[in-house]
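Geometric and topological summary
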Amino acid sequence: MAELQFREAIRAAIDEEMAQDEDIFVMGEEVAEYDGAYKVTEGLLDKYGPKRMIDTPIAELGFAGIGVGAAMNGLRPIVEFMTFNFAVLAADQIINHASKIRYMTGGQIKIPIVFRGPNASAGQLSATHSVSYDAMYAHFPGLKVIYTSEPADAKGLLKSAIRDDNPVLFMESEQMYGLKGEVPDEDDFTIPIGKAKVKREGSDVTVVAHGKMYHVATQAANKLKEDGVEVEIIDPRTVKPLDMETIIKSIKKTNRCVIVDEAHPFGGLAAEVGYLIQREAFDYLDAPVQRVTLPDTSAPFAKNLFEEWFPSPKEVIDAVNSVTYRK
Amino acid sequence: MAKSKNGENVTFTPSGTAIRNNGKVERSTELPGTTNKKHKTLGFSEEDLLDIFREMYLQRRFEERAMQMYQKGKFGGFLHLFMGQEAISTGTVRALNDDDDIITAYRDHGWGLVRGVSPKEGMAELYGKVTGCSKGKGGSMHFANVKEHFWGGYGIVGGHIPLGGGIAFANKYKQNGRVTACFLGDGAVDQGAFHETLNMAQNWKLPCIFAIENNGYAMGTAVHRHSVGELVDRADGYGMKSAVVNGMDMFTVYDKMKEVAEDVRKNSEPWLLEIRTYRYRGHSMSDPMKYRSKEELETYQKMDPIERMKNYLLDEDIADQEKIDSIQDEVEEEVMEAIDFAEESEFPDKEHLYKDVFVEDDYPFHR
Ligand SMILES: Cc1ncc(C[n+]2csc(CCOP(=O)(O)OP(=O)(O)O)c2C)c(N)n1
Ligand SMILES: [Mg+2]
């Protein structure tokens, strides 16, 4: 095991894959000569040169589409968005093209592309820079969506994403890039796409949380433990395909569930998981499933409002108390 | 491109930042000449010039102090500083009528200050206080004063360019004679939204000035690395009138803007301006600036638009050093008062979280 920062784990995944496949290249804003806006791709220009580390203009629609076209024609692009908030400009290429071309052409074309970058909010950056997009992309057939919470998951899943022959959206967080974690240093460490992980075992309640919310859930679980409540935390890691089996298995044990999601409440991951739980485990539930999400309003700038807006450990604790009828 | 075995001579993006070009000043930010006209020819009184100097210095000092407060941890978020580009905002507002419309990107503090955002309201916005120009909801990137036709700063690169076109569209529709000035960075020129808007603006004869503030860089990427040829030449493809302007000299910006605004007003036809300038600070607050050289920065700082105005005042005997000092002291006091105001102001109440999402107050929010 080596202790790596999140950004180092991502870089290692890209580096290892690039080293063994010449068709992999990286493009995006500031990825090469600036070493990455968040230093994720630091040093890769020196190692792989300007043919494979490509700085793009601020033209998300164009470069995402050039990525899709290059993937159609045999390359394996890793397209970095400075954040997924800017990928909205590229949504036409991701949603109308990358996700559908194979289907429309009856399987003649494959599109092995990874779109990656930070998702959701990163402190007080106000409304246009703070949206969580994983569930939105998961809505569309033909896209795989990953949003990890820890360096080891990031490395293992990004390697799988790069090897995947389909379009994969791989999401990170500006606020997690410095986060350290143990990463297995076995030679070819990968994690299969579509497998959730039980990250903390507990018998009283199941908390489903991914991305940044995993850490919020962990803080809540530590507090709840002091009160004798044992929380089981499941990190889906992959949003689509979604590993409901692991979640349902846990609920059959705990009979209670809280979903924590850094998205707005309408039609998000929390909504989908909640629906599936009632379909698959209705008879096992001892309380209605609760969720902690962002409110139905955009990110405010003011610090106090932002803190109010952002899901907190306290909200998770309240939700756990509610499903365990402790308050 | 010739086929090569090892691919070594295959490249895509041109290189040539400080890293690979020893930070040489590139042609794309070469400045055209300045106007020779004196203030009287331009129609400015001595009193006007003192106001102009004051306003330019206010923009500078406001940001210098804001930067210090940011570094002290008084507020968070982004802080994109406008320093070095003040001649553009100052010259433009004087060339336009007060009810002409202005819209810009996130590097917007100077624009707010010249269009009726008081230093207090501006500083309070940076602090995220309810007394800020956008009630603390927007922060640094979203200064606005719509009452005085400043439609705000926008954070998605290129996103506001069609909005500028739309504001001009409404003005033409209503035949109210107002001109719109839409400012954008050199980086925004590469976005599709820019080209789509220019095409429609020309075809529909929208009364709009699209003005590129070419400050040499889009974040860490020099202009010639992100964009082909000269930015101003984009106008040719759309048959749009265009010009390149020296953005380090307030008189020059004013002179050209005045001429262009009159033409737009008279003929209801858009213009594309490339105003060449330089940003003194990093892109935002966390920028090691390895992509450019110190010499390059110094070259531009030697042409500082505020120093230039100050020297004009001194050379023309419009003000003596004492007068300059007293203006600067007044500005300093005003900025410090703004900081006190921001610090003493309240944060928005919790209810503001759900305010101004919709027009109505009783919208049933989803829970
Ligand atoms: C669509 C989009 N992509 C990327 C960004 C991140 N970003 C913010 S500013 C910027 C550089 C813009 O440069 P330029 O247009 O020259 O304006 P300047 O900062 O020089 O004023 C980038 C890449 C963004 N805000 N929006
Ligand atoms: Mg620029």
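Residues numbered from 1 in each chain as written. Chains lettered and ligands numbered in written order. Predicted model: local features only at pLDDT ≥ 70, side-chain atom pairs only at ≥ 80, totals over all residues. Heavy atoms only, no water.

**Some words on the nonpolar core**
What counts is decided by this rule: Remark: nonpolar core denotes a set of buried residues (Ala, Val, Leu, Ile, Met, Phe, Trp, Tyr, Cys) joined through side-chain atoms within 4.5 Å. Accessible area is worked out with a 1.4 Å probe on protein chains only. A residue is then buried under 20% of its type maximum, exposed over 50%, and partly exposed in between. Numbering of helices and strands runs from the N terminus, with a helix taken as a DSSP run of H or I at least four residues long and a strand as a DSSP run of E at least two residues long. Each domain's extent is set by a domain assignment, obtained either automatically or from a database. Note on contacts: a residue pair qualifies if any of its non-hydrogen atoms lie within 4.5 Å across the two residues.
Phe81, Phe115 and Tyr137 of chain A are the most contacted members of the largest nonpolar core, which has 76 residues in total. For this core, the element with the highest residue contribution is helix H10 (residues 269-281) of chain A, accounting for six residues. Three or more residues apiece are contributed to this core by two domains, here domain 1 (2-183) and domain 2 (197-323) of chain A. Contact partners of Phe115 of chain A, with chain neighbours within four places excluded, come to Ala64, Val68, Val79, Phe81, Phe84, Ile94, Ala98, Val168, Leu169 and Phe170 of chain A. Counting residues in each nonpolar core, the second largest holds 74 residues, with Met69, Ala87, Ala124 and Leu297 of chain B among its members.

**Observations regarding unusual backbone geometry**
Negative phi characterises most residues that are not glycine, and trans characterises most peptide bonds. Of note, the amide linkage connecting Lys240 of chain A to Pro241 of chain A takes the cis form, showing an omega dihedral of 0 degrees. Relative to the helices and strands, Pro241 of chain A is located in the loop between strand E12 (238-240) and helix H9 (244-254). In the Ramachandran plot, Asp35 of chain A falls in the positive-phi region, its phi being about 70 degrees despite a non-glycine side chain. The topology assignment puts Asp35 of chain A in the loop between strand E2 (24-28) and helix H2 (44-52). A positive phi angle, close to 55 degrees, is found at Met289 of chain B, a residue other than glycine. By secondary structure assignment, the location of Met289 of chain B is in the loop between strand E8 (271-276) and helix H12 (294-301).

**Quick notes on the interface of chain B and chain A**
Many authors give the size of an interface as the accessible area that is lost as the parts come together. Our working definition: Throughout, buried area stands for the accessible area (probe radius 1.4 Å) lost by two parts on being put together, summed over both. Whenever Lys or Arg places a side-chain nitrogen within 4 Å of a carboxyl oxygen from Asp or Glu, that contact is recorded as a salt bridge. Any residue that is not Ala, Val, Leu, Ile, Met, Phe, Trp, Tyr, Cys, Pro, Asp, Glu, Lys or Arg is counted as polar, Gly included; the first ten are nonpolar and the last four charged.
Taken together, the 51 residues of chain B in the interface contact 35 residues of chain A. When chain B packs against chain A, the two sides together hide about 3600 Å² of surface, and 61% of this comes from carbon and sulfur. Taken together, the links from chain B to chain A amount to three salt bridges. Between Arg225 of chain B and Glu33 of chain A there is a salt bridge, with its nearest N and O atoms 3.4 Å apart. Of all the elements in the fold, those that place two or more residues in the side of chain B that touches chain A are helix H1 (18-21), helix H6 (119-126) and helix H9 (223-226) of chain B. Broken down by class, the residue content of the side of chain B that touches chain A amounts to 20 nonpolar, 22 polar and nine charged.

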